[in-house]
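# Descriptive structure summary
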Amino acid sequence: KGMHAVGSIGTTLFGIGKETIGDIVVWLCFLAACTLPMIILFSPAADYLLKGMYSSFLSYGGGDAYLTVADGVFVDTGMVKEGVFYQQLVAIANVLPGSILCKILTGVGYLIGYGIHQNIIDGILIAFSGFVCSICASGIVYSIGDYLCKNFFGRKRNARMRRCPFRTQCAVCFAPFY
């Protein structure tokens, strides 16, 4: 049944199913295991990672809108200079394949980590934490979206997609998982 950590669907917390709660707990445990060491070793990493999770949720797990969100969260607060963000980080991120969320959050992490002690290793460690943060936020957003599609738009696969008001997005985003 995919990545579901806990048994069948049933109401547990705020009407959210056990399966979804289990998924979210697994994502949060993975996030904690990969980011807590960086928070303990590098205190500026805590603020960056909290803002990273916040910005990931604001953009619903990524997409082109993330550039605007990241600008507001990282550039406007002074964590990253505007010139470095747009002329270096965004330029590099747009050339590379993959999720813009993962690339930008990883790049910001590298810049912050490198800036702490002017050390490449510190930059790579905090960049990795940012990468994990982006993946976990996207996984949590997916788990919630999957729950909504499964439980509010019918149980049968075809009926679920026909009734879902976001059927185009669901079909594109969730089809590989059904």
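Quick notes on the rules
- Residues numbered from 1 in each chain as written.
- Predicted model: local features only at pLDDT ≥ 70, side-chain atom pairs only at ≥ 80, totals over all residues.
- Heavy atoms only, no water.
- Helix = DSSP H or I, 4+ residues; strand = E, 2+ residues; numbered from the N terminus.
- Contact = heavy atoms within 4.5 Å.
- Phe/Tyr/Trp six-rings, centres within 6.5 Å; stacked < 30°, edge-to-face > 60°.
- Buried < 20%, exposed > 50% of the residue type's maximum accessible area, 1.4 Å probe, protein only.
- Salt bridge = Lys/Arg side-chain N within 4 Å of Asp/Glu carboxyl O.
- Patch = residues over 30% accessible without salt bridge, like charges linked within 9 Å, V, L, I, M, F, W, Y side chains within 5 Å.
- Areas by Shrake-Rupley, 256 points an atom, 1.4 Å probe, with all protein chains shown as cover.
- pLDDT = per-residue confidence, 0-100.

## Looking at the environment of V73
Within the fold, V73 resides in helix α3 (residues 66-75). For the pair V73 and Y54, spaced 19 residues apart in sequence, the C-alpha separation works out to 8.6 Å. Those residues within four positions of V73 in sequence are excluded, and the remaining contacts are K51, Y54 and S55.

## Re the packing of aromatic side chains
Counted according to the given criterion, the structure contains three aromatic pairs. Ring plane angle 45 degrees and centroid distance 6.0 Å describe the contact between Y48 and F74, whose orientation is recorded as tilted. On the criterion of sequence distance, the pair formed by Y48 in helix α2 (residues 44-58) and F74 in helix α3 is long-range, its members being 26 residues apart. Ring geometry for F85 versus Y86: centroids 4.9 Å apart, planes at 90 degrees, classification edge-to-face. By relative accessible area, Y86 is classed as partly exposed at 35%.

## With respect to the pattern of salt bridges
Applying the stated rule across the entire model yields one salt bridge. A salt bridge links K51 to D47; the nearest nitrogen and oxygen atoms lie 3.6 Å apart. With K51 and D47 both in helix α2 and four residues apart, this pair spans about one turn of that helix.

## Structural notes on a nonpolar patch on the surface
The grouping of Y114, I120, I121, I124 and L125 at the surface amounts to a nonpolar patch, some 440 Å² of accessible area in total. When residues of the nonpolar patch are assigned to their parent elements, the largest contribution, four residues, is made by helix α6 (residues 120-152).

## Looking at the confidence of the model for the protein
On average, residues of the protein score 79 in pLDDT, and 75% of them are at 70 or above. Helix α4 (residues 82-95) holds the highest mean pLDDT among the elements of the protein, 92, whereas helix α8 (residues 167-174) holds the lowest, 46. Segment residues 158-162 is flagged for pLDDT under 50; beyond a separation of four residues in sequence, or across chains, it makes twelve contacts in the model.

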